[in-house]
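Take a look at the letters that make up each chain.
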Amino acid sequence: MKKTVLITGATGGIGFLLATHFAENGWRVIAHYFQSKKQAMSLKNTIEEMGGEVLMVRANVASKKEVKKMANLIKRKIGHVDCLINNAGAVYSGGEWQKITEDKFYKTIGVNTYGVLNVFQEIFPLMKKGVVVNISSLRGLLGAKDVVSYAAAKAGVTNLTKSLAKISAPNIRVNCLAFGRMNIGLSLIEDERDLKK
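Residues numbered from 1 in each chain as written. Predicted model: local features only at pLDDT ≥ 70, side-chain atom pairs only at ≥ 80, totals over all residues. Heavy atoms only, no water.

Undergrad: Would you mind showing me how to read the sheet that holds strand β1 (residues 4-7) here?
TA: Each strand in a sheet pairs with another by means of backbone hydrogen bonds, the pair being arranged parallel or else antiparallel. If you walk across this open sheet you meet the six strands as β3-β2-β1-β4-β5-β6, and the pairing is parallel. The strands lining the two open edges of the sheet, one partner per strand, are β3 (54-58) and β6 (172-179). Between one strand axis and the next, the sheet turns by 15° as a mean value, whatever way the strands run. Summarising the sheet, strand β5 (residues 130-137) and β6 pair through eight bridges and their orientation is parallel. Bridge assignment links Val131 to a residue of β6, and that residue is Arg173. Against the sheet, helix α6 (residues 148-168) contacts β5 and β6, and its axis sits at roughly 160° relative to β5. (Pairing = 2+ DSSP bridges. Helix = DSSP H or I, 4+ residues; strand = E, 2+ residues; numbered from the N terminus. Axes fitted to C-alpha atoms, helices over the stretch in contact; angles between N-to-C directions. Contact = heavy atoms within 4.5 Å.)

Undergrad: For this particular structure, what's the right way to read the packing of helix α4 (residues 102-123) against α6?
TA: Two numbers describe a pair of packed helices, the interaxial angle and the distance between the axes. Close contact between α4 and α6 brings their axes to 9 Å; oriented N to C, the two are set at 15°. In terms of axis orientation, α4 runs roughly parallel to α6. Considering the relative orientation of α4 and α6, their crossing is right-handed. Contact with α4, carried on its side by Phe105, Thr108, Ile109, Asn112, Thr113, Val116, Leu117 and Phe120, involves Ser149, Tyr150, Ala152, Ala153, Lys154, Gly156, Val157, Leu160, Leu164 and Ser168 of α6 and no other residues of that element. (Parallel < 35°, antiparallel > 145°, perpendicular 65-115°, else oblique. Left-handed = near helix turned anticlockwise from the far one by under 90°.)

Undergrad: What exactly am I supposed to notice about the pairing of strand β4 (residues 83-86) here?
TA: Here β4 shows no split at all, with Cys83 and Ile85 on one side and Leu84 and Asn86 on the other all buried. When β1 meets β4, the two strands line up parallel, connected through three bridges. Paired with Val5 across the strands is Cys83, a residue of β4. When β4 meets β5, the two strands line up parallel, connected through four bridges. Looking across to β5, one finds that Ile85 is bridged to Val133. (Buried < 20%, exposed > 50% of the residue type's maximum accessible area, 1.4 Å probe, protein only.)

Undergrad: Got a minute to help me understand the nonpolar core in this structure?
TA: In a soluble, globular protein the nonpolar side chains are often hidden away together inside. Grouped together as the largest cluster of nonpolar side chains are 27 residues, with contacts concentrated most on Leu6, Ile74 and Ile123. Mapped by element, the contributors of at least two residues to this core are β3, α3 (64-77), α4, α6 and β6. Ranked by the residues each element gives to this core, the list is headed by α4, at five residues. For Leu6, the residues in contact, after removing those within four places along its chain, are Ile30, His32, Val57, Met70, Ile74, Val81, Cys83, Leu84, Ile85, Val119 and Ile123. Ranked by size, the runner-up nonpolar core spans 20 residues in total, among them Trp27, Ala31, Tyr33 and Ala40. (Core = buried A, V, L, I, M, F, W, Y, C linked by side-chain atoms within 4.5 Å.)

Undergrad: Any chance you could explain helix α1 (residues 13-24) here in plain terms?
TA: An α-helical turn contains 3.6 residues, so a residue and the one three or four places further along point in the same direction. Taking 1.5 Å per residue as the helical rise, α1 with its twelve residues ought to reach 16 Å, and the 17 Å between its terminal C-alpha atoms agrees with that figure. Restricting attention to buried positions, one finds in α1 the residues Ile14, Gly15, Ala19, Thr20, Phe22 and Ala23. Gly26 sits one or two residues past α1 and shows a positive phi near 90°. (Expected span 1.5 Å × (residues − 1).)

Undergrad: Help me understand the pattern of salt bridges in this model?
TA: Two side chains of opposite charge can pair, provided their charged atoms sit close to one another. This structure, assessed with the given rule, holds six salt bridges. Lys44 is the partner of Glu48 in a salt bridge, and the nearest nitrogen-oxygen pair spans 2.8 Å. Of this pair, Glu48 and Lys44 are both found in helix α2 (residues 37-49), four residues apart, which corresponds to roughly one turn of the helix. Judged by its relative accessible area of 38%, Glu48 falls in the partly exposed class. Lys64 is paired through a salt bridge with Glu122; the nearest N and O atoms lie 3.0 Å apart. Taken together, the residues Lys64 in helix α3 and Glu122 in helix α4 connect sequence positions 58 residues apart. In this structure Lys64 comes out as partly exposed when scored by relative accessible area, which is 29%. Residue class for Glu122 comes out buried when judged on its relative accessible area of 14%. (Salt bridge = Lys/Arg side-chain N within 4 Å of Asp/Glu carboxyl O.)

Below is the structure:
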């Protein structure tokens, strides 16, 4: 049976690289996106041109209703998931920490932290065994002056991963990757000062 990977935030920098890598190695790719239809079609075309199999799915990972609908579609079309990569993320409040609003803080937590739990809850029943990888950030471990809400949200992902690993053991392994600046996607380096934040 062909192995299947679900990647959330698949049309962004890291997500795009992950999706094409899995496709090149013979995996069926379920590529999740939310906002950019153009980027989604670009990814779909790229994978299909290399002879890969891809299913595009759209959902707001912070919405229970939308993620449940996405999971039902995956169950109906494919039936199983072998690897889940929770990569979707967003920064809604940068700059001065004193200006962070309640709305933007909760939106940041909603996508980056609750989104991981939300997708896990709905996809877990489709995984008899396999691997879950949650994408965090070094800012979640070290803190950050410029994206305080994002750093807090990613710290939540790191700790949430530990809980999900206990819940899903021994058949499903759950790990977390905490990336530093990679000059891609949300980690785009626009100025040398970015490396010091």
